[in-house]
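Okay, here's what each chain looks like letter by letter:
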Amino acid sequence: MKELVAYIAKSLVDHPEEVKTAETGEDDTVTVELTVAKDDLGKVIGKQGRTARAIRSILAAAAGKENKRSRLDILE
Amino acid sequence: MSLEKKKFYGKEVTDAIKKACDEFGVAQEKLDIEVVETGSTGIFGLIRKKAYIKAALKTVAVEEEVAKEVVVPRPQKAPSVQLAPVEPDEDVSEGAEEDVHLEDGEESEDNGDDLTEIAPALLDTEEEQISQENLDIVKTELSRLLELMGYPSQVQTESSGISVHCCIQGGFEEALTGQDGKTLDSLQYILRKIIARKIPDRLRLSIDIGDFRERRQLELAEKAVELARMVKEDGKTQVLPALNPSERRVVHMTLQEDKDIRSRSVGEGLFKKILIYKPGKGKKPGARKHHSPRGQKVKNSKPDAEK
C-alpha cells in the first residue's frame, strides 16, 4: 500500500529522494502517512486538493481489494 | 523579463488577453500577462469598467516559438487550460496555468466551456505523431500503477495524432472503475500528471476499462433524455448529480437539439450539477434558487455558470 503512494508521489515531485511513507494498520483501516519536501507539498496536493483526492481514491481502490478502508495523511 | 510590456484594454480580461494574443500573434501561454484591472460589466450596464492588462512575450517562449515556427508555422493556438503544452521549464508552465486560471474566473457566463471545447478540434489538425518510445513509457507507467494497486492488468495503447488511448483489461474491471468511474478518472488524472513530467511533448491521454466510457456515455444520454421528457411533462426543473466536464458535455450535447428544454451547469469547481429546465418561465417555486432572475438574490459573485 505504501509503495503505491510512494511511487505516485515520487513521480510527481521534484525531490523524489525526500519522499517518505509509513503505513500503519488497525483492524480494517490502513493509514498511509506521506511526507514530501516542503516545496513539493503543493504538487502532491494539487489545485484544490485534486491530486490528493485522486491519490486517495486510487489508494481506496487498492485497499478495497483486501476489504479495508484507507486513509492518506499528508504530513507537513 | 527584459521585454517591455504592452498595455491592452478590453471589455473583460478575456478580451484583453485575446487582443494581446492577436497583437503578438502567439498563444496565451507564451505571454507574460499581468492583470491590472479585471474590469466589470457594472450593474444594469452602469459603472462599466474596462479590463486592463499588461502583456509581454515570455523570454523562454520567444526562443521556443522561433524554433517551432521553422517546423510548423502556426500563428495562433487556442488557449486552453487542460491542453496547455508542457513546457520544459517548470516555472514557466506553472505561471501560464495560473494566468489561464485567473482568466477563467473572470469569464462571463457564456464562454465558460467554449474554449476547452474548441481547442481539441484545433489541436487535432496538427500533424504530430507520438513515438513508439513514448507510447511504451505510457504503457509501462500505467501497468506499474495497476500492479502496485494490486490489480495487475493488461494495458493496450493506441495513438492517433497527439492522443493516446489506453485500454485496461484483465479481470479487475469493477474495482478499477470505481463508483461512477471515480477510480478510473483518478487514475487517468494521476497518469496524465506523471506522463506530463516524463514526456516533454504534448499529448492527450485517456484511459478506458473495457467499454466503460462508451457505456457511461450511453447511460448519461439516456438519463438526460428521460429527465428531459419529465421536464416537458410537468415543467419542473430536473437535476443531474455532479458530473465531471466530459460527462457534462455529453449531457449538453444530447439535449442541444431539443428546443423545448434547456440545460445548464451549476456549481463550483470541477464537478457541477446539470439543470434541465423549460426556458422562458423565469423563477419557479419548485425550482428554488437555481435560476433566479438577475438581481433577485444578493449578487452571485462567482460567474462560473456556463451553457
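Computed from a predicted model, the values in this text were never measured in an experiment.

Q: Lay out the overall build of chain B with the relevant residues and their values.
A: Tallying secondary structure elements over chain B gives nine helices and nine strands in all. For chain B, buried positions account for 39% of its 307 residues. Here the analysis covers contacts within chain B between residues at least 6 apart in sequence; of these, 63% occur between residues at least 24 apart. If you sum the accessible surface of chain B, you get close to 17,600 Å²; carbon and sulfur atoms cover 51% of it.

Q: So what's going on with the overall build of chain A? Which residues, and what values?
A: Within chain A one finds three helices and three strands. Starting at the N terminus and walking to the C terminus, you meet the elements of chain A as α-β-β-α-α-β. When the 76 residues of chain A are sorted by exposure, 46% land in the buried category. With an accessible surface of roughly 4,100 Å², chain A has 43% of that area assigned to carbon and sulfur atoms.

Q: Give me the lowdown on the pairing of strand β2 (residues 29-35) of chain A, citing residues and values where you can.
A: In summary, the side chains of a regular strand alternate between the two faces of the sheet. Residue and element names in this part refer to chain A. Note: strand β1 (residues 20-26) against β2, seven bridges, orientation antiparallel. The partner of Gly25 across the bridge, within β2, is Val30. Connecting the antiparallel pair β1 and β2 is a turn made up of two residues, with Asp27 showing a positive phi of about 50 degrees. Of the pairings in the sheet, the one linking β2 to strand β3 (residues 69-75) comprises seven bridges and is parallel in character. Within the sheet, the bridge partner assigned to Thr31 lies in β3 and is Arg71.

Q: Provide a residue-level description of the packing of aromatic side chains, including the pertinent values.
A: Evaluation of the coordinates by the stated rule reveals three aromatic pairs over all chains. Between the aromatic rings of Tyr9 of chain B and Tyr52 of chain B, the centroid separation amounts to 4.8 Å while the plane-to-plane angle is 15 degrees, which identifies the pairing as stacked. Highlighted residues: Tyr9 of chain B in strand β1 (residues 6-10) and Tyr52 of chain B in strand β3 (residues 51-57), separated in sequence by 43 residues. The side chain of Arg144 of chain B reaches across the aromatic face of Tyr7 of chain A, ending 4.6 Å from its centre.

Q: So what's going on with the sheet that holds β3 of chain A? Residues and values would help.
A: As a general point, the strands of a sheet are linked pairwise by backbone hydrogen bonds and lie either parallel or antiparallel. Residue and element names in this part refer to chain A. Spatial ordering of the open sheet is given by β1-β2-β3, a layout of three strands whose pairing is mixed. Two strands close off the open sheet at either side, each with one partner strand: β1 and β3. Within the sheet, the average angular offset between the axes of one strand and its neighbour, ignoring direction, is 20 degrees. Across the face of the sheet, helix α1 (residues 2-12) comes into contact with β1, β2 and β3 while running at roughly 155 degrees to β1. Across the sheet, helix α3 (residues 50-64) lies against β2 and β3, angled at about 145 degrees from β3, the strand it touches most.

Q: Which residues make up the interface of chain A and chain B, and what values do they have?
A: With 21 residues of chain A at the interface, the matching set in chain B holds 22 residues. For the pair chain A and chain B, the two sides together bury roughly 2,100 Å², of which 64% comes from carbon and sulfur. In terms of surface lost to chain B, no three residues of chain A exceed Tyr7, Arg50 and Ile58 of chain A, which account for 28% of the buried area on that side. On inspection of chain A and its partner chain B, the count reaches one salt bridge. The residue Asp14 of chain A makes a salt bridge to Arg197 of chain B at a minimum N-O spacing of 2.8 Å. On the surface where chain A and chain B come into contact, there are 10 residue pairs in polar contact (both at pLDDT 80 or more). Going through the elements one at a time, α1 and α3 of chain A are the ones with two or more residues in the side of chain A that touches chain B. The dominant element in the side of chain A that touches chain B, judged by the number of residues it contributes, is α3 of chain A, at 10 residues. Of the residues that constitute the side of chain A that touches chain B, the class distribution is 10 nonpolar, four polar and seven charged.

Q: Give me a positive patch on the surface: which residues, what numbers.
A: Judged by side-chain charge, Arg50 and Arg53 of chain A together with Lys182, Arg192 and Lys193 of chain B come together as a positively charged surface patch. Elements that contribute at least two residues to the positive patch include exactly α3 of chain A together with α7 (182-198) of chain B. No other element matches α7 of chain B, which puts three residues into the positive patch. You can see Lys182 of chain B is positioned in helix α7. Looking at Lys182 of chain B, the relative accessible area reads 49%, which means it is partly exposed.

Q: Outline the nonpolar core, supporting the account with residue identities and numerical values.
A: Counting 49 residues, the largest nonpolar core has Leu145, Met149 and Ile190 of chain B as the members making the most contacts within it. Breaking this core down by element, the ones donating at least two residues are α1, β2, α2 (41-45) and α3 of chain A together with α5 (132-149), β5 (163-169), α7 and β6 (204-209) of chain B. Counting residues in hydrophobic clusters, the runner-up holds 13 residues, among them Leu227, Ala228, Leu240 and Val251 of chain B.

Q: Break down the packing of α1 of chain A against α5 of chain B for me, citing the residues and quoting the values.
A: Each pair of packed helices can be described by the angle between their axes along with the distance between the axes. Interhelical geometry of α1 of chain A versus α5 of chain B gives an angle of 155 degrees and a closest axis separation of 8 Å. By the criterion of interaxial angle, the relationship of α1 of chain A to α5 of chain B is roughly antiparallel. α1 of chain A and α5 of chain B meet at a crossing whose hand is left-handed. The residues of α5 of chain B that touch α1 of chain A, namely those facing Glu3, Leu4, Tyr7 and Ile8 of chain A, are Glu141, Arg144, Leu145, Leu148 and Met149 of chain B. The class makeup of the residues in the contact of α1 of chain A with α5 of chain B is six nonpolar, no polar and three charged.

The rules behind the values
- Throughout this document, residue positions are counted from 1 along each chain, in the order its sequence is written.
- Think of it this way: whatever chain is written first is A, whatever ligand is written first is 1, and the rest follow in order.
- Residues qualify for local features only when their pLDDT is at least 70, as the model is predicted, and side-chain atom pairs are given and counted only at 80 or more; totals for whole chains, interfaces and linings, by contrast, use all residues.
- The basis for every side-chain value is the complete set of heavy atoms in the structure, and neither hydrogens nor water enter the calculation.
- Secondary structure elements are defined from DSSP: runs of H or I of at least 4 residues count as helices, runs of E of at least 2 residues count as strands, and each element is numbered from the N terminus.
- Here's how the labels work: a residue is buried when its accessible area is under 20% of the maximum for its type, exposed when over 50%, partly exposed in between, all with a 1.4 Å probe on protein chains only.
- In this analysis, two residues are considered to be in contact whenever any of their non-hydrogen atoms come within 4.5 Å of each other.
- Computed with the Shrake-Rupley method and a 1.4 Å probe, the accessible areas treat only the protein chains shown as cover for residues.
- Pairing between strands is defined by DSSP: at least two bridges between the two strands are required.
- In this scheme Phe, Tyr and Trp rings, the latter by its six-membered ring, pair at centre separations within 6.5 Å, and the angle between planes marks the pair as stacked below 30 degrees, edge-to-face above 60, and tilted otherwise.
- Charge-over-ring placement is defined geometrically: NZ (Lys) or CZ (Arg) within 6 Å of the ring centre, and within 35 degrees of the ring normal.
- To define axes, lines are fitted to C-alpha atoms, for helices over the stretch in contact only, and angles between the resulting N-to-C directions are given on a 0 to 180 degree scale.
- Buried surface area refers to the total accessible area, computed with a probe of radius 1.4 Å, that the two partners give up upon joining, counted for both partners together.
- Here a salt bridge means any side-chain nitrogen of Lys or Arg lying within 4 Å of a carboxyl oxygen belonging to Asp or Glu.
- Polar contact criterion, stated in full: a pair of N or O atoms within 3.5 Å, where within protein one must be able to donate a hydrogen and the other to accept it, and residues adjacent in sequence count only if both atoms are side-chain atoms.
- Note on residue classes: Ala, Val, Leu, Ile, Met, Phe, Trp, Tyr, Cys and Pro are nonpolar, Asp, Glu, Lys and Arg are charged, and everything else, Gly too, is polar.
- Patches draw on residues past 30% relative accessible area with no salt bridge. Two like charges within 9 Å are joined, as are two nonpolar side chains (Val, Leu, Ile, Met, Phe, Trp, Tyr) within 5 Å.
- For the purpose of counting charges, residues Lys and Arg are taken to be positive, whereas Asp and Glu are taken to be negative. His and the chain ends are not included.
- Lys charges are placed at NZ, Arg charges at CZ, Asp charges at CG and Glu charges at CD.
- To qualify as a nonpolar core, a set must consist of buried Ala, Val, Leu, Ile, Met, Phe, Trp, Tyr and Cys residues joined through side-chain atoms within 4.5 Å.
- Small angles under 35 degrees read as roughly parallel and large ones over 145 as roughly antiparallel, with 65 to 115 read as roughly perpendicular and the rest as oblique.
- Each crossing gets its handedness from the near helix: less than a right angle anticlockwise from the far helix is left-handed, clockwise is right-handed.

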